[in-house]
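Chain and residue survey
Listed below, chain by chain, are the residues.
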Amino acid sequence: MRKVLLSVVWISLMSVAAAFLTWMLVGPPDRSVPCDAQELPKGQVCLSTVLEWDPGEVLWVDARPRDYWRRNGVEGSVLVNDQEEWVSMEESFVLAVFGDGSQLKTKVVVYCNQAGCGSSEYVADRLRQKHSEALGFEVYVLSGGFKALANQL
Amino acid sequence: MKQLLFSVIAVSLFLSHRGQAEMVFETQLVEIFASPDDEEVIGEFPFRIEEQEVTIQSYDAKCVCLAARVEPLNPDRSVKLNWKVGESGKMMTKFDVTKFLGTVDKAIELNVVGGKEPIILTVRVHVPELISLTPTNLRWDLGGPANPQTMKIEVKHQNPIKVTNHRGNNPKFDYQFKTIKEGWEYEVVVTPRDTSASALGMLSFTTDCEFPRFKRAMGYAVIRPQRNPSQPASTTAPKS
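Residues numbered from 1 in each chain as written. Chains lettered and ligands numbered in written order. Predicted model: local features only at pLDDT ≥ 70, side-chain atom pairs only at ≥ 80, totals over all residues.

This paragraph deals with unusual backbone geometry. All names here are of chain B. In this structure, Pro 72 follows Glu 71 across a cis peptide bond, with omega equal to 0 degrees. Take Pro 72: it is sitting in the loop between strand E5 (66-71) and strand E6 (82-83). In this model, Thr 134 is joined to Pro 135 through a cis peptide bond whose omega is -10 degrees. By the secondary structure assignment, Pro 135 is in the loop between strand E10 (131-134) and strand E11 (137-141). The backbone of Glu 51 shows a phi angle near 70 degrees, a positive value even though the residue is not glycine. When you line up the elements, Glu 51 lands in the loop between strand E3 (40-50) and strand E4 (54-61). (Helix = DSSP H or I, 4+ residues; strand = E, 2+ residues; numbered from the N terminus.)

Here is the structure:
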């Protein structure tokens, strides 16, 4: 039994040493959310793709609860979620897409708390159905949700 | 060292054996048609345990609007996490639909000990839209003809819903509100004064509907440049 315990302690110490060495040589772990644009379902987009777009064309839509949006929503984002009265949020969204009319947003990117939370798909579907054609924008759901953003912004 | 190796192998075998746990659901998608006055709806996912006993590790609804509970409970009213072969139960879900319109999917993620993938249980709710605006947006091309366009308001309910007030917020758009059939059908004819500059107008309609979510409806009028067909909005979109 003593031998086993000694082995466990020895292996643990070696693991910690290896991890420390790796950190020193390679750097901190990559916490970015993996995303392969070629494998994404229709309507989803990788953060890396969004970051290549002209920021002036992109409108971020935060589909999380209002408190989260206030705390750390993307700068310039609008709140459109599935927990509050739709009509008022929709009004703010249309105003944000149109802006002063000189440069309409052509890409709307919706994010929620995490991948698969469902809110972003719901919001994206409604915005797509009701406004995308008339206002001339395309709607995407951010793959990985806010987790993908948190490491970048 | 041999003892250590043996322990590692034993733990691996135990974990892989536990991976065979079988919690069989009759369905993993429950579809519910809510009525306009429903504030919450209930969805049930019956299951039975086959081949191997199951221990529930966790379950999580990915929306504050959805609450889940495994039934039956233990005799002491605690959540029953350990299930024997042959037992059956159900995952009960309570979905708050007060803020939803149209079709919405929300999921429960259920993890069992030894399970390789979480079990996803989806509740799909259809909430009727009692008032429809067709189209929601009227659009004119910048510099194009300022011709009148019509938006239809239709009531899709068993009882009439009257539009009691209407308002436009932009004097660049003239509009005429017409009652076709009181409580059931209306038309709004919108004409821009000119199309020389981009503009956005909002038309707000107030109704006497008893359900708060249908007390207000919005329509939009927009003058904007036509998008150049050679430059689509998304040139780097992911493949479908």
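Back to the write-up after that little detour.
Next up on the list: helix H5 (residues 119-135) of chain A. One turn of the α-helix equals 3.6 residues, which is why residues spaced by three or four share an orientation. Residues and elements named next belong to chain A. Of all the bends in H5, the greatest, near 50 degrees, is centred on Arg 128. Buried residues of H5: Ser 119, Ser 120, Glu 121, Tyr 122, Val 123, Ala 124, Arg 126, Leu 127, Lys 130, His 131 and Leu 135, and no others. Backbone geometry just after H5 places Gly 136 at a positive phi near 75 degrees. (Bend = angle between axes of the 7 residues up to and from the residue. Buried ≥ 20, exposed ≤ 12 C-beta atoms within 10 Å, placed from the backbone.)

On to the domain arrangement of chain A, then. Domain annotation for chain A reports domain 1 (1-30) and domain 2 (37-150). One C-alpha centre belongs to domain 1 of chain A, the other to domain 2 of chain A, and the line joining them spans 43 Å. (Domains from an automatic or database assignment.)

Next up on the list: the sheet that holds strand E14 (residues 173-181) of chain B. The strands making up a sheet associate through hydrogen bonds between their backbones, and the pairing can be parallel or antiparallel. All names here are of chain B. In space, the four strands of this open sheet follow the order E10-E12-E15-E14, with antiparallel pairing throughout. Each edge of the open sheet is held by one strand with a lone partner, namely E10 and E14. Neighbour to neighbour, the strand axes of the sheet diverge by 20 degrees on average, direction disregarded. Sheet topology note: the E10/strand E12 (residues 149-155) ladder contains four bridges and is antiparallel. Counterpart to Leu 133 in the pairing with E12 is Ile 153. (Pairing = 2+ DSSP bridges. Axes fitted to C-alpha atoms, helices over the stretch in contact; angles between N-to-C directions.)

Now for the interface of chain A and chain B. Accessible area lost on assembly of the parts is the figure often given for the size of an interface. Listed as interface residues are 39 residues of chain A and, on the opposing side, 37 residues of chain B. At the level of secondary structure, the elements contributing two or more residues to the side of chain A that touches chain B comprise helix H1 (2-26), strand E1 (44-45), helix H2 (47-52), helix H4 (86-98) and H5 of chain A. A total of seven residues in the side of chain A that touches chain B trace back to one element, the largest contributor, which is H5(A). Looking at the side of chain A that touches chain B, its residues break down into 16 nonpolar, 12 polar and 11 charged. (Contact = placed C-beta atoms within 7 Å. Nonpolar A, V, L, I, M, F, W, Y, C, P; charged D, E, K, R; others polar.)

Let us now look at the sheet that holds E3(B). Residues and elements named next belong to chain B. Ordered in space as E1-E3-E7-E5, the four strands form an open sheet in which the pairing is antiparallel. Both edges of this open sheet fall to strand E1 (22-25) and E5, since each of them pairs with a single strand only. Averaged over all neighbouring strand pairs, the angle between strand axes comes to 25 degrees, with direction disregarded. Inspection of the sheet shows E1 paired to E3 by four bridges, in the antiparallel sense. Residue Val 24 lies in a different strand from E3, and its bridge partner there is Arg 48.

This part covers the nonpolar core. Counting residues in hydrophobic clusters, the biggest one holds 84 residues, and the most contacted among them are Val61(A), Val109(A), Val110(A) and Leu142(A). Contact partners of Val110(A), with chain neighbours within four places excluded, come to Val61(A), Ala63(A), Ser120(A), Val123(A), Ala124(A), Val139(A), Val141(A) and Leu142(A). (Core = buried A, V, L, I, M, F, W, Y, C linked by C-beta atoms within 7 Å.)

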